[in-house]
Amino acid sequence: MTVTYREAVREAIREALTADDRVFLMGEDIGAYGGCFGVSTGLLEEFGPERVRDSPLSESAFVGAGIGAAAGGMRPIVEIM
C-alpha cells in the first residue's frame, strides 16, 4: 500500500489529537478548507473547532500563541504553509 506524505502527516496529527486532549492544531485555513495542501482535511469535523483552530494571517502571532500554549501545558501543533 502506498501512502502519500500528506496522508502520513494527517494520520500522525490524528493520532496525536486522539492520544492527548491537550493537543490542538492551529494555522491558516486548516479548518473547513483543510489547509493549502489538504493535510488537515477532515480533522475539523472529527475533532471540532476547539481542537482544530484557524488562525489569522500572521505567522509570528500564531507561532507566539503556540509557544504560549505550550508554556501553559497545552500541546499545540502549529502549521505554517
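**Overview of the overall build of the protein chain**
1) Next: If you tally the helices and strands in the protein chain, you get three helices and three strands.
2) Next: Helices (α) and strands (β) of the protein chain occur, in sequence order from the N terminus, as α-β-α-β-α-β.
3) Next: By the compact-globule yardstick of 12 Å for 81 residues, the protein chain fits well, its C-alpha radius of gyration being 12 Å.
4) Next: Principal-axis analysis of the C-alpha atoms gives the protein chain an extent of 40 × 25 × 20 Å.
5) Next: Of all 81 residues assigned to the protein chain, the portion counted as buried reaches 33%.

**Here we look at a nonpolar patch on the surface**
1) Next: A cluster of nonpolar side chains, Val-63, Ile-67, Val-78 and Ile-80, forms an exposed patch at the surface whose accessible area comes to about 310 Å².
2) Next: Within the secondary structure layout, Val-78 lies in strand β3 (residues 75-79).

**A look at unusual backbone geometry**
As a rule of thumb, non-glycine residues mostly have phi less than zero, and peptide bonds are mostly trans rather than cis.
1) Next: In the Ramachandran plot, Asp-29 falls in the positive-phi region, its phi being about 55° despite a non-glycine side chain.
2) Next: Secondary-structure assignment places Asp-29 in the loop between β1 (23-27) and α2 (43-47).

**Quick look at the side chain of Asp-20**
1) Next: Mapped onto the secondary structure, Asp-20 falls in the loop between α1 (5-19) and β1.
2) Next: One polar contact links the side chain of Asp-20 to the main-chain amide nitrogen of Arg-22, over a distance of 2.9 Å.

**Concerning the pairing of β1**
1) Next: β1 sits mainly inside the fold: five of its five residues count as buried.
2) Next: Burial along β1 is two-sided: the residues Val-23, Leu-25 and Gly-27 and Phe-24 and Met-26 are all buried.
3) Next: With five bridges joining them, β1 and β3 adopt parallel strand pairing. Pairing of Met-26 across the sheet is with Val-78, part of β3.
4) Next: In the sheet, β1 pairs with strand β2 (residues 52-54) via three bridges, with the strands oriented parallel.

The rules behind each value
- Residues numbered from 1 in each chain as written.
- Predicted model: local features only at pLDDT ≥ 70, side-chain atom pairs only at ≥ 80, totals over all residues.
- Heavy atoms only, no water.
- Helix = DSSP H or I, 4+ residues; strand = E, 2+ residues; numbered from the N terminus.
- Rg over C-alpha atoms; globule rule 2.2 N^0.38 Å.
- Buried < 20%, exposed > 50% of the residue type's maximum accessible area, 1.4 Å probe, protein only.
- Patch = residues over 30% accessible without salt bridge, like charges linked within 9 Å, V, L, I, M, F, W, Y side chains within 5 Å.
- Areas by Shrake-Rupley, 256 points an atom, 1.4 Å probe, with all protein chains shown as cover.
- Salt bridge = Lys/Arg side-chain N within 4 Å of Asp/Glu carboxyl O.
- Polar contact = N/O pair within 3.5 Å; in protein donor to acceptor, adjacent residues only side chain to side chain.
- Pairing = 2+ DSSP bridges.

Without other data, these values stay purely geometric and don't point to any function.
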